[in-house]
Amino acid sequence: MLVIDAGNTIDVYVEFARQYGLDTTQVLRRVVVTRVFTLYQLVHLIVYNLPKMIHKFNAKLILIPDLFDMFNQDQIDIKEAKLLIKEIMEAIFNLSCKN
């Protein structure tokens, strides 16, 4: 499992494991966490780094909690926000077709 922590939340992994009745210790041993602090880091990570990470860790599940929170936090022009969302969605769609 890969978790891209777009909202910088700490407990999402533990809560996810508990919600599905999984052993949290076992889950946390297999979770790869990466955090981003700006919207542009998030887009870069998803578009350019995520495909490499999926391959490197043979990830079968990718979680991106709070994916759109940074769009509310950052002062960003609506046109630019739409372009970045489109870029993210295209990257995710392309990844889902490959895997």
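You'll find the structure just up there.
Sequence positions are assigned chain by chain, starting from 1 and proceeding in written order. Local features in this predicted model are restricted to residues of pLDDT 70 or higher, and side-chain atom pairs are both shown and tallied only at a pLDDT of 80 or more, whereas totals for entire chains, interfaces and linings draw on every residue. Side-chain metrics rest on all non-hydrogen atoms present in the structure, leaving aside hydrogens and water.

## Overview of the sheet that holds strand 2 (residues 32-35)
The parallel open sheet is built from three strands, whose spatial order is 2-1-3. Only two strands of the sheet have a single partner each, and these edge strands are strand 2 and strand 3 (62-63). Here a strand pair is declared whenever DSSP counts at least two bridges between the two strands. Secondary structure counts use DSSP, requiring at least four H or I residues in a row for a helix and at least two E residues in a row for a strand, with both numbered from the N terminus. Sheet topology note: the strand 1 (residues 2-5)/strand 3 ladder contains two bridges and is parallel. Within strand 3, the residue paired with leucine 2 across the bridge is isoleucine 62. Across the sheet, helix 3 (residues 39-57) touches strand 1, strand 2 and strand 3, and the angle it forms with strand 1 is around 165 degrees. Contacts are residue-level and defined by heavy atoms, with any inter-residue pair within 4.5 Å sufficient. Axis definition: a line fitted to C-alpha atoms, over the contacting stretch in the case of helices. Angles run 0 to 180 degrees between N-to-C directions.

## Focus: helix 5 (residues 78-98)
Along an α-helix, residues three or four apart share an orientation, since each turn contains 3.6 residues. The span you would expect from a helix comes to 1.5 Å times its residue count less one. With 21 residues, helix 5 ought to run about 30 Å at 1.5 Å a step, and its terminal C-alpha atoms sit 30 Å apart, in line with that. Think of it in three bands: with a 1.4 Å probe and only protein chains considered, a residue is buried below 20% of the maximum accessible area for its type, exposed above 50%, and partly exposed in between. Residues of helix 5 that are buried: Ala81, Leu84, Ile88, Ala91 and Leu95. The buried residues of helix 5 occupy an angular sector of 95 degrees when the element is viewed end-on, so they sit on one face. The outward face of helix 5, more than 90 degrees from its buried face, is lined by the exposed residues Ile78, Lys79, Lys82, Leu83, Lys86, Phe93 and Cys97. Any N or O atom pair separated by 3.5 Å or less is treated as a polar contact, with the protein-specific requirement of one donor-capable and one acceptor-capable atom, and with residues adjacent in sequence counted only for side-chain atom pairs. Near the N-terminus of helix 5, the side chain that reaches the backbone nitrogen of lysine 79, with its oxygen 3.1 Å away, is that of aspartate 77. The arc under discussion is defined with respect to the helix axis, by the directions toward the C-beta atoms.

## Regarding the packing of aromatic side chains
Paired rings are identified among Phe, Tyr and Trp, the last through its six-membered ring, by centres lying within 6.5 Å, and are further divided according to the angle between planes into stacked (under 30 degrees), edge-to-face (over 60) and tilted (the rest). Within the structure shown, the criterion is met by one aromatic pair. Residues phenylalanine 68 and phenylalanine 71 carry aromatic rings whose centres are separated by 5.9 Å and whose planes lie at 45 degrees to one another, so their mutual orientation is tilted. Under the relative-accessibility criterion, phenylalanine 71 is labelled buried at 13%.

## Quick word on the pattern of salt bridges
Two side chains with opposite charge may pair up if their charged atoms get near one another. Note on definitions: salt bridges are taken to be side-chain nitrogens of Lys or Arg within 4 Å of carboxyl oxygens of Asp or Glu. Under the defined criterion, the tally for this structure stands at one salt bridge. The shortest N-O distance in the salt bridge between glutamate 90 and lysine 86 comes to 3.9 Å. Placement of both glutamate 90 and lysine 86 in helix 5 is noted, with a separation of four residues, approximately one turn of the helix.

## Some words on helix 3
Take the seven residues that end at a residue and the seven that start at it, fit an axis to each, and the angle between those axes is the bend at that residue. The largest bend in helix 3 amounts to roughly 55 degrees and is located at asparagine 49, with the proline proline 51 lying one to four residues further along. Looking at helix 3, one finds that the buried residues are Leu39, Leu42, Val43, Leu45, Ile46, Leu50, Met53 and Ile54. At the C-terminal side of helix 3, asparagine 58 shows a positive phi close to 50 degrees.

## Here's the deal with the nonpolar core
Take the buried Ala, Val, Leu, Ile, Met, Phe, Trp, Tyr and Cys residues and link them wherever side-chain atoms come within 4.5 Å; each set so joined is a nonpolar core. Ile4, Leu39, Leu42, Ile46 and Leu50 are the most contacted members of the largest nonpolar core, which has 23 residues in total. Elements with a contribution of two residues or more to this core: strand 1, helix 3, helix 4 (69-73) and helix 5.

## A short note on the pairing of strand 1
Of the two faces of strand 1, the one lined by Leu2 and Ile4 and the one lined by Val3 and Asp5 are each fully buried. In this structure, strand 1 lies alongside strand 2, joined through four bridges in parallel fashion. The partner of aspartate 5 across the bridge, within strand 2, is arginine 35.

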